[in-house]
Amino acid sequence: MSGFKSDFLRVLDERGFIHQISDPEGLDAQCLKGPITAYVGYDATATSIHIGNLITVTLLYWLQETGHRPISLMGGGTSMVGDPSFRDDQRQLLSPETIARNIESIKKVYARILRYGDGPTDALMVNNADWLMKLNYVDFLRDVGRHFSVNRMLSFDSVKIRLDREQSLSFLEFNYMIMQGYDFVELNRRYGTVLQMGGSDQWGNIINGVDLSHRMGGPQLYCLTTPLLTTSSGQKMGKTANGAVWLNSDLFSPYDFWQYFRNTEDADVIRFLKVFTRLPLSEIARLGALGGSEINEAKKVLATEATAVVHGREAAELAAETARKTFEEGAHSDDLPTIEIPRADLAAGIGVLAAFVSAGMAASNGEARRSAQGGGLKVNDAAVSDPKQMLTEADLSGEGVIKLSLGKKKHVLLKPV
C-alpha cells in the first residue's frame, strides 16, 4: 500500500522503513484517529545494541515526532531465555545480574534519541521482567499457551531453518515465541499499545502477538517490520572486519562510527541518509544529486549526521574534524582510537606486524604482512617496508604516541603507559 494518510506511516514509507504491515489500511486509520502507543522490544544480551537496532529505535523516533507515544521494551524476562530466531545453536544463558547490567548500559543510547517523561507523547521505558518473572507456570499454560499451535510455530522460517539444518531446538527456546506474543497482549492491557515494530526477521514472533490478542478476546493489534538492510554489494549492514558496529562509545568509538558511514558505498548514500539521519528529504535529494568526487561531501554529511544521532552533535563534529586533520593535513588527533601498551614492552621493542594485530587492524601476522607487501601499512605516515621492523621509544612522536595506519582511512594511536 502507498499513499498513506497518516503522517507516521507516510514518513516511514518515504524514508524506506516499511517491509510488511499486518493491516496497512487499519493501522493508517488508527494513526489518523489520534495518538497511538507502539513499541519495539530489545533483549539485553550484550552491554550495547548495534546499528541494526538503530533502525528500529529510529522507528520509535519518527513515531514520537509525528505525535504518538513510543515504548522501548527492555527484555529483562525474555533475555533469560534468548531468541532462537535464525540461530544454529542456543544462546548462552545469562544471569539476572548480567541482564540487569546490560540493560543499564544500553539505556544510554535511547535517552539520546527519544524524549522520556510523563507527557502523552513522551517515551516510556518498560521491562518485561515486571510481568514475565511473576507468572504462574500452570496458569500461563492454561490461559495463554493453549492459544498457540505447535504446527504453525514450526512453519515459521526462524524455526524451520534451524530444524532443517538438524540443529536442536530446546523446549526453553521454543517458549520464546509465546513470551514475546504475551508481551504484546500485556502491553496493550497496561498501556493501550496497539502496534509492535521490529526487523523483518521478527515477523513471525510479532504476528503471534496479534493473533494471541484476537484469540484471547482482545482488541485488534498491528505489526510493522523493516526490511533487512544490506549494502548495494549485498553485505549485511553493520559488520566490520573487527565485528559489529556497536552504539555504545566504549565498544565502538564515535570516530570509528563516523568512519564507518564515511566509507559508505556510493550507491547507498541516499538510502542511508533517509534511514540514519534526520535531514529533510529535499536536502537528501540535493546531496544525492552530487556526482563524481562530490559524492564524498555527501558521505561526510551522512557520517556526521548519523554520528550526531547516536553520540551527540559535539562528538560528531569532533570526529569530523579529526578525520579532516588526519586525511587533509596528515596530522593526528587525540580523538583517534588509542591503544595503551606497557612502556616496558615498547622499550624492549614490539614487532610491527604484532603491533597492527594488537591494535585490531589485522587478524594475524600473516594478514598484516600481506598488507605491508601491498604498501597498505604505515607507521607515523611512513610505509612499512620491512616486516621485521621493531617499534621502540624512538618511534614516539612529539605527542608521545605512535600512529599506525591501514590504508588511507583506518588509524590507531599506540600510547605507552
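Quick notes on the rules
Residues numbered from 1 in each chain as written. Predicted model: local features only at pLDDT ≥ 70, side-chain atom pairs only at ≥ 80, totals over all residues. Heavy atoms only, no water. Phe/Tyr/Trp six-rings, centres within 6.5 Å; stacked < 30°, edge-to-face > 60°. Helix = DSSP H or I, 4+ residues; strand = E, 2+ residues; numbered from the N terminus. Buried < 20%, exposed > 50% of the residue type's maximum accessible area, 1.4 Å probe, protein only. Axes fitted to C-alpha atoms, helices over the stretch in contact; angles between N-to-C directions. Parallel < 35°, antiparallel > 145°, perpendicular 65-115°, else oblique. Left-handed = near helix turned anticlockwise from the far one by under 90°. Contact = heavy atoms within 4.5 Å. Nonpolar A, V, L, I, M, F, W, Y, C, P; charged D, E, K, R; others polar. Polar contact = N/O pair within 3.5 Å; in protein donor to acceptor, adjacent residues only side chain to side chain. Pairing = 2+ DSSP bridges.

Visitor: Explain the packing of aromatic side chains to me, using residue names and the numbers behind them.
Guide: Aromatic ring pairs are described here by two measures, namely the spacing of the ring centres and the angle between the planes. Scanning the entire structure with this criterion turns up eight aromatic pairs. Taking 5.1 Å as the distance between ring centres and 50 degrees as the angle between the ring planes, the aromatic pair formed by tyrosine 42 and tyrosine 110 counts as tilted. Remark: tyrosine 110 occurs in helix H4 (residues 96–113) and tyrosine 42 occurs in strand E2 (residues 37–43); sequence separation between them is 68 residues. Neither residue differs from the other here; tyrosine 42 and tyrosine 110 are each classed as buried.

Visitor: Now, about the packing of helix H12 (residues 254–262) against helix H15 (residues 295–311): what can you tell me, with residues and values included?
Guide: Packing of H12 against H15 brings their axes to within 8 Å, and their N-to-C directions diverge by 140 degrees. Classified by the angle between their axes, H12 and H15 sit oblique to one another. Crossing hand, H12 versus H15: right-handed. Where H12 approaches H15, its residues Pro254, Phe257, Trp258, Phe261 and Arg262 are matched on the opposing element by Asn296, Lys299, Lys300, Leu302, Ala303, Thr304, Ala306, Thr307, Val310 and His311. For the contact of H12 with H15, the residue count by class is eight nonpolar, four polar and three charged.

Visitor: Tell me about the side chain of histidine 411, and please be specific about residues and values.
Guide: For histidine 411, the location among the structural elements is in strand E15 (residues 410–416). Reaching out from histidine 411, the side chain makes a polar contact with the side chain of serine 405 at a distance of 2.7 Å.

Visitor: A description of the sheet that holds E2 should follow, citing residues and the corresponding values.
Guide: Sheet strands line up and pair through hydrogen bonds in the backbone, either parallel or antiparallel. Taken in spatial order, the six strands of this open sheet run E1-E6-E5-E2-E3-E4, and their pairing is mixed. At either margin of the open sheet sits one strand with a lone partner, and together these are strand E1 (20–21) and strand E4 (124–127). Across the sheet, helix H11 (residues 203–215) lies against E1, strand E5 (193–199) and strand E6 (222–226), angled at about 170 degrees from E6, the strand it touches most.

In short, the description is geometric, and any link to function would need to be established separately.
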